[in-house]
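Read off the chains here:
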Amino acid sequence: MQLSCSHGALQGLGRPFSRSFLGAYASRSSNRPPTLRKSLCTMLPFWLPMLCDVRRCRRSSALQRRFGGALQRRVSSRRLEIQQNDFALGGQKHRILSGSVSYFRVLPEQWRDRLEKLKALGCNAAEVYVPWNLHEPQPGQFVFEGRCDLLSFLSICQELELDVLLRPGPYICAEWDLGGLPWWLLTGPDPVPLRSSDKDFLTAVKRWWDELLPKLEAFLSAQGGPIIAIQVENEYGYWGTDKDYLESLRQMLLNQFGSDCPLLFTSDGTFWPDLQQNGGLDSMLRTANFGSDPQQRLQELRSAQPQGPLCNMEFWIGWFDAWGALTGKSFRDPSDVAQTLHNTLDAGASVNFFVFHGGTSFGFCGPGGNLSSVGLYEPQVTSYDYGGLLDEAGEVTEKYLQCRKVLANFLQKPDLLEKTFPTARRLPESPPLELESTLSLEDALPALTSDGATCIKSAVPLPAEQVGLGYGYIMYRAQVPSTNKLPLTFGKDSIRDFASIMSGGRVLGTIYRNDSGPGCREFELPEQGCQLEVLVEMMGRVNFGPALLTERKGLVGPGSVQLGTPFTGPMRAVLGWEILPLPMEEQDLARIPWGMDVSMGKRTSRWNRGPRFYRFALHVQQPADRFLALDGFNKGFACINGFNLGRYWKAHDLLGLHLSQYADIFFADFNFGSLCRWDLRDRCIFLGHFFGGVAMRSLFSTSTVLPVVPKMHPLLREWCPSLFGHQACCPKEQRWDYCRFPCF
């Protein structure tokens, strides 16, 4: 990295150094001749800033060693600035053409492919969210490896000469659990002062940014890096009016980066007159988020910001999907997207495709949720295809091709149209899976809780956050006394989010958060009493709107479980609970005792209803991507090689898994892995082993697919018609039908 004599270094990182240096100089020069002291003081303003930049270079030497040439400066004075109603980059008039790519929803070995396709579209920038909850899963514990390796992602952007519009939150929305805020912020009393100038919240933000921001310094445009702009918060106009909060975030960035700080901006809708005013500050650029009618929306933005460049920071070219949503699966015609893009550019605005490539919301800390206009909970599906320009598997879509024509014409670069994109190799047809073993949750429970897990005892059920659990499942147990023929009743808003009710080895039924029909939350228990078990699956936390404040999981509320109904007289709370957190993390699943024999004789015996684990074997010579259709399954999650692919659910005919290549870092020591899946409505957990001659590189992401494959899911149109299936031998009323693998 080159040395810079910019005095700005003295204003930022150089302050601690300069004070200590001046102290040392004063003590050492006191005995020197007056002429020499005067000479040194005269020279001090010239070489002190250089010494401060030396300190900066030393601090970034580790990044230099790691990324090498990716951090070399392209232009030493390359800054994004505002010149009246235009952007200027490096002193030249500039139009931002960007696309959203969430690095945490894409596997690291696929980052370059997605970014190269963004560059080939004609774009000059990538918009990048940073999810706080994924990088700080526990207070003070930070993760920047694997798919959280933000610095490697930025390095690829640098190599491809793609600028970066960074959106570090702290709230990002992004259809991500709690909008990217960590679950452990919900352990305090209700309501939690999220996204405010509350002292405790800002302290948590500062701890996170104190870890994140120094890592970004070498990637700032002032240092020759790709980050030309940073967004402060996200769509804050929909949330509040706390200007002190926004100013606190702004000051954190300025204090960290000093004169190197990139252009700061906010983004909000324009649909209500006060959104832009509430969500921004006059000291930062305001941008708009919209998907259609650019003339109207940009006019509304201009009313809120009389001068400055116009920018559509989120050009919604599709939409997310939710399980059970009344609107069904989203779709937007490619020609409509292309025409809206043309109109936006013709209006003189910069644009960011939202999303260019969505990817997959892996694991439990992944997809978020929303509350509908009628108050129904709508958890987002594992697939974040979104109708992007690249589909979930990273393939070019018709929408991409039509938008490329618009950009080629706008940029006057017809050569953009000459680029072709061969379809990635897919796994060939596979032999039937071999069922290796199966185990009920009841039998696996001792192993799942053997690693120091604490059984919490409480008079009333406690939410998961209060017992230190952020994601996964949670088991509640209580001894119910004589019921006097009173039914067991669960409160209206007590289930967060899907519960299996069990007693004496029997599954009494299930309850979903939205269930509200007559009697759907009432169950009969033995009159003499019994042990009650409630297994609750924690699905995605709401990521937008006021519900963030109270989005606890598990059994919520002291009166969540009672005996009786409003029609049977006074209701009696069930007291005396044991609470078992079940995060279902990799180390937990690795302890499952797979010793149970699953020979044909065993397989024909009756399996008790309730959650079960299954493990299968699949032999693969050359790992590659593919989709997995899950016909016959209902609800659960899937893992392979210990990596959680995400949830699946046959709700409103939405079901499926997408298998994808995985990065070497996770499988360097493995030559096999397990694909795990289970079902809460007495179906299954599914596991599969993958063998190969080299260390495995296969990971499988989950995706939602519809039964009407040719019309609704373009990724599945080219399925090989020759499919295979495997059906376990078990009683019909407990049978999971088969698992089919589509071939490309």
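Per an unreviewed UniProt entry, the protein goes by the name Beta-galactosidase and belongs to Durusdinium trenchii. Per UniProt, the protein has the following entry under Catalytic activity (unreviewed entry): "Hydrolysis of terminal non-reducing beta-D-galactose residues in beta-D-galactosides."

Asks: Any chance you could explain the packing of aromatic side chains here in plain terms?
Replies: Geometrically, a pair of aromatic rings is defined through the distance of the ring centres and the angle of the planes. Under the counting rule described, the total for this entry stands at 34 aromatic pairs. With centroids separated by 6.3 Å and ring planes inclined at 15°, the aromatic side chains of Phe144 and Trp208 adopt a geometry described as stacked. Here the residue Phe144 occupies a position in the loop between α6 (132–135) and α7 (150–159), and Trp208 occupies one in helix α8 (residues 199–216), the gap between them amounting to 64 residues. A single burial state applies to Phe144 and to Trp208, both of which are buried. The interplanar angle of 85° and the centroid separation of 5.5 Å between the aromatic rings of Tyr400 and Phe421 together place this pair among those described as edge-to-face. Linking Tyr400 in helix α13 (residues 398–411) with Phe421 in the loop between α13 and β14 (434–440), this pair joins segments that are 21 residues apart in sequence. One aromatic cluster in this structure is built from Tyr129, Phe271, Trp316, Trp319, Phe320, Phe354, Tyr384 and Tyr386. For Lys215, the ring lying beneath its charged end belongs to Phe144, and the centroid distance is 4.9 Å. One cation-aromatic arrangement involves Arg513 over Tyr377; the distance from NZ or CZ to the ring centre is 4.2 Å.

Asks: Honestly, the side chain of Arg332 in this entry has me stumped. Any pointers?
Replies: Within the secondary structure, Arg332 is located in the loop between β10 (311–316) and α12 (334–346). Classification of Arg332 as buried rests on a relative accessible area of 14%. In this structure the side chain of Arg332 is engaged in a polar contact, spanning 2.9 Å, whose partner is the backbone oxygen of Gly291. A polar contact is formed between the side chain of Arg332 and the backbone oxygen of Trp316, at a distance of 2.6 Å. Aside from chain neighbours lying at most four places away, what touches Arg332 is Gly291, Ser292, Phe315, Trp316, Ile317, Val337, Thr340 and Lys399.

Asks: Explain the pattern of salt bridges here, please?
Replies: A full pass over the atoms with the stated rule returns 28 salt bridges. Among the ionic pairs, Glu314 bridges to Arg167, the shortest N-O distance being 2.8 Å. Note that Glu314 is positioned in strand β10 and Arg167 in strand β6 (residues 163–167), a separation of 147 residues in sequence. The exposure classification of Glu314 matches that of Arg167, with both residues buried. Glu537 is the salt-bridge partner of Arg647, the closest N and O atoms lying 3.7 Å from each other.

Asks: Help me understand the environment of Asp515, please; the structure alone is not making it clear to me.
Replies: Its location among the elements puts Asp515 in the loop between β20 (506–512) and β21 (522–523). Overall, Asp515 belongs to the partly exposed group, its relative accessible area being 26%. Measuring from C-alpha to C-alpha, the distance between Asp515 and Phe498 comes to 9.8 Å, with 17 residues separating the pair along the chain. At 2.7 Å, the side chain of Asp515 and the backbone nitrogen of Tyr512 are in polar contact.

Asks: So what exactly am I meant to see when it comes to α13 here?
Replies: Structural remark: α-helix, 3.6 residues per turn; residues separated by three or four positions point the same way. The first and last C-alpha atoms of α13 sit 20 Å apart over 14 residues, in line with the 20 Å expected at 1.5 Å per residue. Every buried residue belonging to α13 is among Lys399, Tyr400, Cys403, Arg404, Val406, Leu407 and Ala408, and all of these are buried. Where α13 is buried, its residues contact β4 (97–101), α5 (111–121), α12 and β11 (350–357).

Asks: Please explain the nonpolar core as it appears in this structure.
Replies: For soluble globular proteins, nonpolar side chains are generally found buried alongside one another. The biggest cluster of nonpolar side chains holds 120 residues, and the ones touching the most others in it are Leu115, Leu216 and Phe353. No other element matches α8, which puts nine residues into this core. Discounting chain neighbours no more than four positions away, the residues touching Leu115 are Val101, Ala126, Phe153, Ile156, Cys157, Leu160 and Leu162.

Asks: How do you make sense of unusual backbone geometry when you look at a structure like this?
Replies: Pro170 follows Gly169 through a cis peptide bond whose omega is 15°. Across the junction of Phe354 and Val355, the peptide omega takes the value 0°, indicating a cis bond. Of note, Val355 is situated in strand β11. Look at Cys173: it is not a glycine, yet its phi comes out positive at around 60°. The topology assignment puts Cys173 in the loop between β6 and α8.

Asks: Please clarify how the sheet that holds β6 should be interpreted in this entry.
Replies: Strands pair in a sheet through their backbones, by hydrogen bonds, and they do so in one of two ways: parallel or antiparallel. An order of β4-β5-β6-β7-β8-β9-β10-β11 is seen for the eight strands of this closed barrel, with the pairing classed as parallel. Strand-to-strand twist in this sheet, taken as the mean axis angle between neighbours without regard to direction, amounts to 30°. Of the pairings in the sheet, the one linking β4 to β11 comprises four bridges and is parallel in character. Opposite Gly99, over in β11, you have Phe353 as the bridge partner. Here α7 sits on the sheet in contact with β4, β5 (125–129), β6 and β7 (227–231), set at roughly 170° to β5.

Asks: Just checking my understanding: could you explain the pairing of β5 for this structure?
Replies: Looking along a regular strand, one sees the side chains alternate between the two faces of the sheet. Taking burial as the measure, the five residues of β5 include five buried ones, the bulk of the element. A two-sided burial pattern is seen for β5, the buried positions comprising Ala125, Glu127 and Tyr129 on one face and Ala126 and Val128 on the other. Across three bridges, β4 lies against β5 in parallel orientation. Bridge pairing links Gly99 to Ala126 in β5. Tracing the backbone out of β4, into α5 and back to the parallel element β5 gives a crossover that is right-handed. By the bridge criterion, five bridges tie β5 to β6 in an arrangement that is parallel. Note that in β6 the partner of Tyr129 across the bridge is Arg167.

Asks: Whenever I open this one, the packing of α5 against α7 confuses me. Can you help?
Replies: Between two packed helices, both the angle of their axes relative to each other and the distance between the axes serve to describe the pair. Across the interface, α5 lies against α7 with an axial gap of 10 Å and an inter-helix angle of 35°. The crossing of α5 and α7 is right-handed. Where α5 approaches α7, its residues Trp111, Arg112 and Leu115 are matched on the opposing element by Ser152, Phe153, Ile156, Cys157 and Glu159. Here the contact of α5 with α7 is composed, by residue class, of five nonpolar, one polar and two charged.

Asks: What's the story with the sheet that holds strand β2 (residues 86–89) in this structure? I'm lost.
Replies: Spatially, three strands are ordered β1-β2-β3 in an open sheet, and the strand pairing comes out antiparallel. The sheet terminates laterally at β1 (80–83) and β3 (92–94), the two strands that pair on one side only. Strand after strand, the sheet turns through a mean of 45° between neighbouring axes, direction not considered. Here β2 runs beside β3; their pairing, made up of three bridges, is antiparallel. When the sheet's bridge partners are listed, Leu89 is paired in β3 with Gln92.

Asks: Is there a simple way to think about a nonpolar patch on the surface in this case?
Replies: Nonpolar side chains collect at one region of the surface, where Leu326, Val374 and Leu376 lie side by side and expose about 300 Å² of accessible area between them. Assignment of secondary structure puts Leu376 in the loop between β12 (369–371) and β13 (377–379). Given the relative accessible area of 33%, Leu376 is considered partly exposed.

What counts, and where the lines are drawn
Residues numbered from 1 in each chain as written. Predicted model: local features only at pLDDT ≥ 70, side-chain atom pairs only at ≥ 80, totals over all residues. Heavy atoms only, no water. UniProt positions renumbered as here; feature names shortened; annotations may be inferred. Phe/Tyr/Trp six-rings, centres within 6.5 Å; stacked < 30°, edge-to-face > 60°. Helix = DSSP H or I, 4+ residues; strand = E, 2+ residues; numbered from the N terminus. Buried < 20%, exposed > 50% of the residue type's maximum accessible area, 1.4 Å probe, protein only. Lys NZ or Arg CZ within 6 Å of the ring centre and 35° of its normal. Polar contact = N/O pair within 3.5 Å; in protein donor to acceptor, adjacent residues only side chain to side chain. Contact = heavy atoms within 4.5 Å. Salt bridge = Lys/Arg side-chain N within 4 Å of Asp/Glu carboxyl O. Expected span 1.5 Å × (residues − 1). Core = buried A, V, L, I, M, F, W, Y, C linked by side-chain atoms within 4.5 Å. Pairing = 2+ DSSP bridges. Axes fitted to C-alpha atoms, helices over the stretch in contact; angles between N-to-C directions. Right-handed = clockwise from strand over helix to strand, strands pointing away. Left-handed = near helix turned anticlockwise from the far one by under 90°. Nonpolar A, V, L, I, M, F, W, Y, C, P; charged D, E, K, R; others polar. Patch = residues over 30% accessible without salt bridge, like charges linked within 9 Å, V, L, I, M, F, W, Y side chains within 5 Å. Areas by Shrake-Rupley, 256 points an atom, 1.4 Å probe, with all protein chains shown as cover.

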